[in-house]
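Remarks on the overall topology
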Amino acid sequence: MALFKLENVEDLYEIGEVLGSGHFGQVREVRERATGTLWAGKFLKLRKNASSRLGIERKSVEKEVEILQTLQHGNIMAIRDVFESRAEVVLIVELIRGGELFDFVAEKENLTEREAIEFLEQILHGVQYMHSKRIAHFDLKPENIMLSEKAVPHPNIKVIDFGLAHHFEQGEEYKSISGTPQYIAPEVINYEPLSEATDMWYVFLLSGMSPFQGDTDGETLKNIVDMTYEFDDYHFKQTSDMAKDFIQKLLRKEQNERMTADECLLHPWIKPLTRKQAATRNRSSINMKNFKRFNAKRKWKMSYNMVSACNRFCRLQLLCKPSIKVDEELRQCESDQEDTETKPETLLRRRLSSSS
Ligand code: ATP
């Protein structure tokens, strides 16, 4: 059992504004009292007992912490400390100020493939590093790719949220089912063994070109399982052939056919071998209209999920506990949502039936 510090986190850190929230709690800015240094504090509400529906299990937090402590890389969020109280665990992590990569990109009027590759290459370096340690992230969605700072010439990527990550033992078979329909890998939907190659499916989706989006979640999942997709001329006419080749080498249903992170970093789209290849990247651009539409839809869907989770929680509250405090309500509402999502059958049934 991992040892977390038992001191009161507030004795050492001053708790500041909320930076974001997840299924099990909030992330807040915190200031170290001794040095004045700013960090982020990830406050995770612990599950009270095995039968409780709310909060996160301590062993899941231990797993996330152990993985973060194993990973020291410039493109991966660093962890500094962990505190534990009866009801909560607090992870003190590197403060990431630049927001989500996709929001940063969506604000731009245009983006050449070369500029997009600068980001993708950093993500690939982070992924290559974790895979070299036999760790897979399994949740490389746009919300988990952030920028250290954004008002700098070459923003630095940080991969966050290792809550679903897994450290593979030698010869281990690992299955899990969790994810969001637009991003989910075929082996996750089919409940097949996962591997580092599962992350490479997510890397392909981070190129911002998901060709699977259906009108409903059910349609999206079916498109993924059937591998029904189209690179239509209208949306991809500005895309270089090298980019399409790169994407098609990740867009494989069979995990062993996908490029690895090492192979991606050597693909001529990322690392051009000739002057002509480099010039093509500079000329070709990302379809920003398409990208902005994708990002807006993603944001809308995130708020829709949050509102419906809160509605479900409020209904529950009315039925059972009318006196819980507001801060507590939000955390419980998110925990309630996660509890539903981690159950395989429920997840697919619920998500298949919900519409985009
Ligand atoms: P999920 O429910 O998606 O699994 P989670 O509970 O594991 O989420 P995170 O994804 O780690 O929580 O963080 C939630 C949000 O808090 C992020 O989307 C981001 O906006 C913000 N955030 C997380 N870590 C940091 C950080 N180190 N610095 C600044 N903001 C952060």
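Residues numbered from 1 in each chain as written. Predicted model: local features only at pLDDT ≥ 70, side-chain atom pairs only at ≥ 80, totals over all residues. Heavy atoms only, no water.

As annotated in an unreviewed UniProt entry, the protein chain carries the name Protein kinase domain-containing protein and comes from Paramormyrops kingsleyae.

Moving on to the overall build of the protein chain. Counting secondary structure elements, the protein chain contains 14 helices and nine strands. The buried share of the protein chain, reckoned over its 356 residues, is 51%. Intrachain contacts of the protein chain at a sequence separation of at least 6 include 65% that bridge at least 24 residues. Counting every atom, the protein chain has about 17600 Å² of accessible surface; 51% of that belongs to carbon and sulfur. (Helix = DSSP H or I, 4+ residues; strand = E, 2+ residues; numbered from the N terminus. Buried < 20%, exposed > 50% of the residue type's maximum accessible area, 1.4 Å probe, protein only. Contact = heavy atoms within 4.5 Å. Areas by Shrake-Rupley, 256 points an atom, 1.4 Å probe, with all protein chains shown as cover.)

Turning our attention to the sheet that holds strand S1 (residues 13-22). In sheet architecture, strand pairing relies on hydrogen bonds along the backbone and comes in two forms, parallel and antiparallel. Reading across the sheet, the five strands line up as S1-S2-S3-S5-S4 and stay open at both edges, with antiparallel pairing between neighbours. Edge positions in the sheet fall to S1 and strand S4 (79-84), since each of these pairs with one other strand and no more. Averaged over all pairs of adjacent strands, the angle between strand axes in this sheet comes to 25°, irrespective of strand direction. As paired elements, S4 and strand S5 (residues 88-93) share five bridges and run antiparallel to each other. Within S5, the residue paired with Phe83 across the bridge is Val90. (Pairing = 2+ DSSP bridges. Axes fitted to C-alpha atoms, helices over the stretch in contact; angles between N-to-C directions.)

Under the UniProt annotation, "binding site: ATP" (unreviewed entry) lies at Lys42. Structurally, Lys42 can be placed in strand S3 (residues 38-45). (UniProt positions renumbered as here; feature names shortened; annotations may be inferred.)

Of note, Phe138 is a non-glycine position whose phi angle comes to about 65°, a positive value. Looking at where Phe138 falls in the secondary structure, it is placed in the loop between strand S6 (135-136) and strand S7 (145-147). Despite not being glycine, Tyr191 has its phi angle at roughly 50°, a positive value. Secondary-structure assignment places Tyr191 in the loop between helix H5 (186-189) and helix H6 (196-205). Of the residues examined, Tyr191 reaches a relative accessible area of 41% and is grouped as partly exposed.

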